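An overview of the molecular structure
In case you want the letters, here they are:
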Amino acid sequence: MGKKRWAVLDCGKYPSVDNCKIRLSAPEDQVDKLVDIAAYHASKNHGHENSQKLKDELRLLVEYEDSSSES
């Protein structure tokens, strides 16, 4: 049925003490939810403050990938 774009945030691309390899993704129309979840992950697991500033920074790091849809 064509291609669907996914928004992706990959923690493994950035240095961390615990060598985190979490990769989060969501359909591009749910990027706000992706950013919220990534901010929670960053605060809970990496000690960042879950703030609007963090969410704004994460939004700049979102990458987009095309994926073939099976349905």
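Residues numbered from 1 in each chain as written. Predicted model: local features only at pLDDT ≥ 70, side-chain atom pairs only at ≥ 80, totals over all residues. Heavy atoms only, no water.

Overview of the nonpolar core
Judged by nonpolar contacts, Ala7, Leu9, Ala26, Val31, Leu34, Val35, Ala38, Ala39, Ala42, Leu54, Leu58 and Val62 together constitute the single largest core of twelve residues. Only strand S1 (3-10), helix H1 (31-46) and helix H2 (52-61) provide two or more residues apiece to this core. Here this core takes six residues from H1, the largest share from any one element. Each residue touching Val35, except ones within four places of it in the same chain, is listed here: Lys55, Leu58, Arg59 and Val62. (Core = buried A, V, L, I, M, F, W, Y, C linked by side-chain atoms within 4.5 Å. Buried < 20%, exposed > 50% of the residue type's maximum accessible area, 1.4 Å probe, protein only. Helix = DSSP H or I, 4+ residues; strand = E, 2+ residues; numbered from the N terminus. Contact = heavy atoms within 4.5 Å.)

As for H1
Taking 1.5 Å per residue, 16 residues should reach 22 Å; H1 reaches 21 Å between its end C-alpha atoms and fits that length. Buried within H1 we find Val31, Leu34, Val35, Ala38, Ala39, His41 and Ala42. Down the axis of H1, the sector holding all buried residues measures 160°, keeping them to one side. Exposed residues on H1 whose side chains face more than 90 degrees from its buried face are Lys33 and Lys44. A positive phi of about 80° marks Gly47, the residue just after H1. (Expected span 1.5 Å × (residues − 1). Arc of directions from axis to C-beta.)

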